[in-house]
Amino acid sequence: MIETPALNSLASYLTCSNCNTSYFINEVQSYAHCCDRPLVVKYALDSDMSGKSLLEDSDSMWRYRTLLPVLEQKNIVSLGEGKTPVIRFNSLENQYGFSSLLVKDEGVNPTGSFKARGQSVAISKAKELGISHCVIPTAGNAGGAMSAYCAAAGIKATVVMPSHTPISFQQECEHYGAELILVDGLINHCGVVAAGIVERESAFNISTLKEPYRLEGKKTMGYEIAEQMSWDLPDVILYPTGGGTGLIGIWKAFHEMMDLGWLKPDAKLPRMVVVQAENCAPVVDFINGEEKPVSSYKESIANGLAVPVAFGMDMISQVVKESGGTVVTVNDNDMISGVKEVAKKEGVLMAPEGGSLWKGLLKLVERGDISRDERILMMNTGNGYKYLEHLVQ
Ligand SMILES: *Cc1c(COP(=O)(O)O)cnc(C)c1O
Ligand SMILES: [Zn+2]
């Protein structure tokens, strides 16, 4: 039997997302202190690399391991995340006259959301760097996912979550053995408490985009979309945006695939659409030039969208502009009726964040920003089963 050689990561260094100053990948990094912005991972990519030779035959997103930052295979902490299905919503297509309505269902991931992708890479890298205690401010799903991966890695986990978060999100953290701290307020208030713990206990902060590797995990959604659609990307992608990691990650993947020659240099990339909760829409307000005070943003049933301050705001708005995308808000009631309509018609119980996409899409069609004959892909980021008792109007 011929042994296949182990595939190595092509990750080479990190750069500041603002000024391109480089940072070492084999040292513990958080964000770019030169400009107070997120760091991004750079890979040694070259357009002669054929897809096949770079892709691992694996049942998880670690299929893209050469394009992820974990250098030694033994450090990978995986619970089978990724490789999620793309489902066609036939009934809604017919009823509303759409030509092609697709959903990538991230609700089937470990711990019920796409946060598993980010945490799988972040905790693997933390293990590789010898980190023994991770702390995270979270609106819900990221805390549950981090708890699970830390449990699997044997790393201590501390989760700081708003006290109004549904009990299922709180309990899962405790079941996975994490220390849970509840804070009256939103995720930005949790961020202040988490920073204090990081300081006092010399723990590592896994806060959105203040840790460079969750972005890499979420980028695998972009690779999967391209592969599942036979390298012919949709016209438009709708994304329920909180901290924006997934949106930025998908866009990063598209550009890496162009550098690799997997997408043609003149490939038409999808328009990236930000959908936010009416109660908390800082990205929509920023892009519309209508910035509001942070204190005006409130909680939402879509807790993943209740993010009043996005550390990656510049990167998010750049993706929307570069892609020719747009922004839209949806209120909580419409999200719930969106979830229910999709569940009845398609048999998929999405998170309210997913429900916001369906209602947001109808608004954008009405507004003339999306046409019914385009190829539309919605990213259902989470599983509705975690919100059951809250899906009432
Ligand atoms: C965290 C979360 C979001 C927002 O994700 P970002 O990539 O940080 O914008 C959306 N939906 C769900 C279900 C989430 O848990
Ligand atoms: Zn910089």
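Thresholds applied
- Residues numbered from 1 in each chain as written.
- Chains lettered and ligands numbered in written order.
- Predicted model: local features only at pLDDT ≥ 70, side-chain atom pairs only at ≥ 80, totals over all residues.
- Heavy atoms only, no water.
- Pairing = 2+ DSSP bridges.
- Helix = DSSP H or I, 4+ residues; strand = E, 2+ residues; numbered from the N terminus.
- Axes fitted to C-alpha atoms, helices over the stretch in contact; angles between N-to-C directions.
- Core = buried A, V, L, I, M, F, W, Y, C linked by side-chain atoms within 4.5 Å.
- Buried < 20%, exposed > 50% of the residue type's maximum accessible area, 1.4 Å probe, protein only.
- Contact = heavy atoms within 4.5 Å.
- Expected span 1.5 Å × (residues − 1).
- Near = heavy atom within 4 Å.
- Polar contact = N/O pair within 3.5 Å; in protein donor to acceptor, adjacent residues only side chain to side chain.
- Areas by Shrake-Rupley, 256 points an atom, 1.4 Å probe, with all protein chains shown as cover.
- Nonpolar A, V, L, I, M, F, W, Y, C, P; charged D, E, K, R; others polar.
- Donors = N, O, S within 2.8 Å, 3.2 Å for Na, K, Ca; no water.
- Tetrahedral: all angles 85-135°; square planar, octahedral: opposite > 155°, others 65-115°.
- Parallel < 35°, antiparallel > 145°, perpendicular 65-115°, else oblique.
- Left-handed = near helix turned anticlockwise from the far one by under 90°.
- Phe/Tyr/Trp six-rings, centres within 6.5 Å; stacked < 30°, edge-to-face > 60°.
- Lys NZ or Arg CZ within 6 Å of the ring centre and 35° of its normal.

Strand pairing in a sheet relies on backbone hydrogen bonds. The paired strands run either parallel or antiparallel. One open sheet accounts for six strands, arranged 4-5-13-10-11-12; its pairing is mixed. Each end of this open sheet is capped by a strand with a single partner; those strands are strand 4 (86–88) and strand 12 (327–330). With strand direction ignored, the average angle separating the axes of adjacent strands in the sheet is 25 degrees. Relative to strand 13 (residues 375–380), strand 10 (residues 236–240) is paired through three bridges, and the arrangement is parallel.

Our next topic: the nonpolar core. In this structure, Ile-250 and Phe-254 are the most contacted members of the largest nonpolar core, which totals 59 residues. If sequence neighbours within four positions are ignored, Phe-254 has contacts with Gly-222, Leu-233, Ile-237, Leu-263, Leu-269, Pro-270 and Met-272. Formed by 55 residues, the second largest nonpolar core is a distinct cluster that contains Ile-123, Met-146, Leu-305 and Met-335.

Now for the sheet that holds strand 3 (residues 39–43). Taken together, the three strands give an open sheet; going across it, the order is 2-1-3, and neighbouring strands pair in antiparallel fashion. Of all the strands in the sheet, just strand 2 (22–23) and strand 3 have a single pairing partner and so form its edges. The pairing of strand 1 (residues 11–16) with strand 3 spans five bridges and is antiparallel. In the strand pairing of strand 3, Thr-15 is matched with Val-40.

The next thing to look at is the pairing of strand 13. Strand 13 sits mainly inside the fold: five of its six residues count as buried. Bridge count between strand 5 (residues 100–105) and strand 13: six bridges; the pairing is parallel. Across the sheet, Asp-105 pairs through a bridge with Asn-380, a residue of strand 13.

A few words now on helix 12 (residues 352–367). Between the first and last C-alpha of helix 12 there are 22 Å, a value that for 16 residues agrees with the 22 Å anticipated at 1.5 Å per step. What helix 12 keeps buried is the set Pro-352, Glu-353, Gly-354, Gly-355, Ser-356, Leu-357, Trp-358, Gly-360, Leu-361, Leu-364 and Val-365. With its phi angle positive at about 85 degrees, Gly-368 sits one or two positions after the end of helix 12.

Turning our eyes to something else, we now look at the site of ligand 1. In the region of ligand 1, 16 residues are neighbours, and Lys-115, Tyr-239, Gly-242, Gly-244 and Thr-381 sit closest. Within the side chain of Lys-218, one N or O atom sits 3.2 Å away from an oxygen atom of ligand 1. Protein chains bury 96% of the 390 Å² of accessible surface belonging to ligand 1 in isolation. Only strand 10 and helix 8 (245–259) provide two or more residues apiece to the shell around ligand 1. Class assignment of the residues belonging to the shell around ligand 1 gives a composition of three nonpolar, ten polar and three charged.

This part is about unusual backbone geometry. Negative phi characterises most residues that are not glycine, and trans characterises most peptide bonds. The phi dihedral of Asp-36 is positive, around 60 degrees, even though this residue is not glycine. Along the polypeptide, Asp-36 turns up in the loop between strand 2 and strand 3. Owing to a relative accessible area of 46%, Asp-36 belongs among the partly exposed residues under this scheme. Backbone geometry places Thr-111, a non-glycine residue, at a positive phi of 60 degrees. By the secondary structure assignment, Thr-111 is in the loop between strand 5 and helix 3 (115–128).

Ligation of the zinc ion (ligand 2) by protein atoms is provided by Cys-16 (SG), Cys-19 (SG), Cys-34 (SG) and Cys-35 (SG), these donors lying 2.3 Å from the ion. In this structure, the zinc ion (ligand 2) is surrounded by four donor atoms whose angles at the metal cover 103 to 120 degrees, and the resulting shape is tetrahedral. Mapping the donors of the zinc ion (ligand 2) onto the primary sequence gives the spacing C-x2-C-x14-C-C. Of this pair, Cys-16 sits in strand 1 while Cys-34 sits in the loop between strand 2 and strand 3, placing them 18 residues apart in sequence.

How two helices pack is summed up by the angle between their axes together with the distance between the axes. Look at helix 8 against helix 10 (residues 313–323): their axes get within 9 Å of each other, and the N-to-C directions meet at 55 degrees. In terms of orientation, helix 8 and helix 10 fall into the oblique class. In this structure, helix 8 crosses over helix 10, and the sense of that crossing is left-handed. Touching Leu-247, Ile-248, Trp-251 and His-255 of helix 8 are Met-315, Ile-316, Val-319, Val-320, Glu-322 and Ser-323, all from helix 10. By residue class, the composition of the contact of helix 8 with helix 10 is seven nonpolar, two polar and one charged.

In the structure shown here, the tally under the stated rule is nine aromatic pairs. Centre to centre, the rings of Tyr-64 and Tyr-223 are 5.3 Å apart; their planes meet at 35 degrees, and the pair counts as tilted. In this pair, Tyr-64 sits in the loop between helix 1 (51–54) and strand 4 while Tyr-223 sits in helix 7 (residues 214–228), placing the two residues 159 residues apart along the sequence. Taking NZ or CZ as reference, Lys-210 lies 4.9 Å from the ring centre of Phe-311, over its face. Taking NZ or CZ as reference, Arg-372 lies 5.9 Å from the ring centre of Phe-98, over its face.

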